[in-house]
Amino acid sequence: MPQYFGKLQTTEQPWSTIDSVQSIARTDDRTIHFNCGETSLNISILAPNLVRVRMSPTGEFTTRSVAGRKPSYSVTLPDEEWEIVPFEVRETDEKIEIETAQITVSVKRDRPGVECFDKSGKPFASDCDRALGWRAGATAGWKRIEADEHFYGFGQRTGFLDKLSEVKTNWTIDALDYNSLSDEMYQAIPFYIALNPDRAYGIFFNTTFWSQFDIGAEKPGVLRMETRGPELDYYIIYGPEPAQILATYTQLTGRMPMPPKWALGYHQCRWSYYSEDVVRELAKEFRDRAIPCDVIHLDIDYMHGYRVFTWSPKRFPDPAKLIADLKAAGFKVVTIVDPGVKYEPEGDYEVFDQGVENDYFVRTAEGRLFHGYVWPEKAVFPDFLRPEVREWWGGLHKALTDMGVAGIWNDMNEPSIAERPFGDGHEHIWFPLDAPQGPESEGATHAETHNLYGLMMAKACSEGLQKVRSGERSFVLTRSGFAGVQRYSSVWMGDNQSLWDHLEMSMPMLCNMGLSGVAFVGCDIGGFAENATAEMFARWMQVGMLYPLMRGHSAISTAQHEPWVFGDRTEKICREYMNLRYQLLPYIYTLFWEAATTGTPILRPLLYHFPRDRATYHLYDQVLLGPSLMAAPVYRPGVEHRAVYLPEGTWYDWWTGECYQGPMHILAHAPLERMPLYVRGGGIIAIAPVQQFVSEQPLDSLKMRIWPGTGEWTLYEDDGHSFEHEQGVWAATNYQVYFEGEKVIVEIAAREGEFSICDREVTVEVVGVGEQQFTDDGAARRLTFG
């Protein structure tokens, strides 16, 4: 009984449920309205595999903006911008059916709820008997968990890959010292993919209020999605495989832009590289030791008294010269920017003065300027939900970019605020839930917009950089965000720790972010808090080579975590895997292009490509980088062998060329110098020469490594820094490999696109068979091996 553990029994407030269907009407070319007494249910068909479901307990659907439009901060593509698709509506005495080219949606008249079926009649995303309900302060929907169904995505989550039988809350917090049992995190992305062996679907819960998924924890076989918003609003996306779900989901919430190519290189960061002299010495060490690096991050101590958009006159007296010298050595500089603006009346601090003068800062419901405490002590906070504030904030970045800064790192934007000065036993707080935010005409409060604060800061930053760095792609990194954050920023997983289980946990975290539409992600290599050992750091660099965002970072209270501080053996291992990362950049850059055009993750759990293989459903410690390259890292000290699962098909050991026929398990030898890597038969991977930074040399030679089998892959190229690719100035070369009797045939299609590539030497190696060379002039070729 609960009272045994110091709790008193409670009586749960009952849920009210929707009445029977009294009539239906087609309100437009997409939507069927169900009149259920005082309650309304709308079902909109937006694509053959995409359905929007809305339920209002009052019968009236809310709007936060004028003229009936959706809120200005909505993250979804408006319904009217989807191409109208045909569907059929059938009525019987028992139910109403809506059929598209891919699915059927059924609503019973007496107990309204949504049931979905694929073309073979198999159910998915179907409501339970209690389907749609509400009570004071909450609305909810209940879905049936089918047999052998597993759940992925949910944004940033700790623990294992599959989230069945867990509770996941969507409310952004500063998740310092998170662990495998943590719930709320820096990111809140209310989206999941449900997978079983013959079909898959996704749900995007379209609410910015506090919300929660109970995935069979309270009641096995029942998934509850609940929001503190006034109505239920969600999208159902049919697969039948994860790739189709993510393509539609990212069409709904947006896709990432192509980043600058240098952002795919190695980033070095610490809280803090305290002065210009320290930064110069850091850069010199990288180049003297021939360890590749493209980016140096400056944490909060580059600022003057933690005032955003300023430089310390003592520690960074000439930032323009420093950044110019670093640029000459091949380094880009990324600076941190927090949302807290130092409260400094009569301090001649222009950012504060402009914000107060124009009333850009968040106020309480009573009209008082809200303040809290962060690095600059007492601080006020911009209302990024207002477009005029975002435009102002974006323009402030010119103070940094004029000095040569190439990218911005947004931190503390959950928002992370204390009620007393840092170091003074403070408690974390956030804006009052009734504080007005956003355009006055929309009438939103912080209860509705809390989860959007980091997203809108990232949007302000991204749009501002586009203006102040005209013609050049910029890099944005954010700690907090919401669904659609991929449109504006890359994301790192916040303040992790130098613990082996945090190294192990990084893979499922990043894979679930990828399955939530956010592809450009990473974790702090080596761990942010505490001290890594040499062995841990070596293993982490091997794993970090696979991260889409490859950044090393450590905290002020820790020992140094640069690759050379752990001794010669670790430095050599780091150099080898960082070199491999740079060799793989043509392959990885193409994966970014796929993510930007289709929403495909860069880092993929095996279930993404093998969704019918039950053995992949819980497999969190192996990962695919793109379609072909699979890694099985080591995540524990002293381990030199590990089990590796090879799914169906032919697999080759990257290092030895040894061939295996899956599905099978093998025991891989993995001494400290070796991370097990495998390539699928038919895999095609572009390899560049090793460079110390991305643009060190033109790509005048290229190796195409191809493993025997049947496969196809397209190499994508552009200039890597401008927006000309959006006007067609890009190049794409399709490669195919297949058997013709005993021979291996490689067909290279004529290069497409308007991006000009100088003649270069290309070596095509069919692993274990032979290699051929030719001068790549863009013409089609057919090569025969064996």
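To start, this report covers the structure provided alongside it. (Residues numbered from 1 in each chain as written. Predicted model: local features only at pLDDT ≥ 70, side-chain atom pairs only at ≥ 80, totals over all residues. Heavy atoms only, no water.)

## A few points about the packing of helix α10 (residues 534–544) against helix α11 (residues 568–583)
Item 1. Two numbers describe how α10 lies on α11: the axes approach to 9 Å, and their chain directions differ by 5 degrees. By the angle class used here, α10 and α11 are roughly parallel. Counted together, Ala534, Phe537, Ala538, Met541, Gln542 and Gly544 of α10 and Thr570, Ile573, Cys574, Tyr577, Met578 and Arg581 of α11 form the full contact between these two elements.
Item 2. Residues of the contact of α10 with α11, tallied by class, amount to 8 nonpolar, 3 polar and 1 charged. (Axes fitted to C-alpha atoms, helices over the stretch in contact; angles between N-to-C directions. Helix = DSSP H or I, 4+ residues; strand = E, 2+ residues; numbered from the N terminus. Parallel < 35°, antiparallel > 145°, perpendicular 65-115°, else oblique. Contact = heavy atoms within 4.5 Å. Nonpolar A, V, L, I, M, F, W, Y, C, P; charged D, E, K, R; others polar.)

## Some words on the pairing of strand β2 (residues 23–26)
Item 1. Bridge analysis of β2 against strand β3 (residues 31–36) gives 4 bridges, and the strand direction is antiparallel. Across the sheet, the residue bridging to Ile24 is Phe34, located in β3.
Item 2. In sequence, β2 turns back onto β3 through a hairpin of 4 residues. (Pairing = 2+ DSSP bridges.)

## Remarks on helix α9 (residues 500–514)
Residues that lie three or four places apart on an α-helix share one face, since the helix turns once every 3.6 residues.
Item 1. Here α9 contains 15 residues, and its C-alpha end-to-end distance of 22 Å stays within 8% of the 21 Å for a straight helix at 1.5 Å per residue.
Item 2. At Ser506, α9 shows its strongest bend, of approximately 30 degrees, with the proline Pro508 following within four residues. (Expected span 1.5 Å × (residues − 1). Bend = angle between axes of the 7 residues up to and from the residue.)

## Examining the sheet that holds strand β41 (residues 641–653)
Item 1. Pairing is antiparallel across the open sheet formed by 6 strands, whose spatial order is β38-β39-β40-β43-β41-β42. The two strands at the open ends of the sheet, each matched to only one other strand, are β38 (603–604) and β42 (659–669).
Item 2. Two elements, β38 and strand β39 (residues 623–625), share 2 bridges in a ladder whose sense is antiparallel. Bridge pairing links Arg604 to Leu624 in β39.
Item 3. Along the sheet, helix α12 (residues 585–598) contacts β38, β39 and β40 (629–631); its crossing angle with β39, the most-contacted strand, is approximately 95 degrees.

## Let's talk about the environment of Leu619
Item 1. One can find Leu619 in the loop between α13 (606–609) and β39.
Item 2. Among the residues examined, Leu619 registers a relative accessible area of 14% and is labelled buried.
Item 3. With 202 residues separating them in the primary sequence, Leu619 and Ile417 have C-alpha atoms 37 Å apart.
Item 4. Setting aside residues up to four positions removed in sequence, Leu619 forms contacts with Leu161, Leu606 and Tyr645. (Buried < 20%, exposed > 50% of the residue type's maximum accessible area, 1.4 Å probe, protein only.)

## Examining the packing of α9 against α10
Item 1. Between α9 and α10, whose axes approach to 11 Å, the crossing angle comes to 5 degrees. By the criterion of interaxial angle, the relationship of α9 to α10 is roughly parallel. Residue-level contacts link Trp500, His502, Leu503, Ser506 and Met507 of α9 to Glu535, Met536, Arg539, Trp540 and Val543 of α10.
Item 2. Of the residues contributing to the contact of α9 with α10, the split by class is 6 nonpolar, 2 polar and 2 charged.

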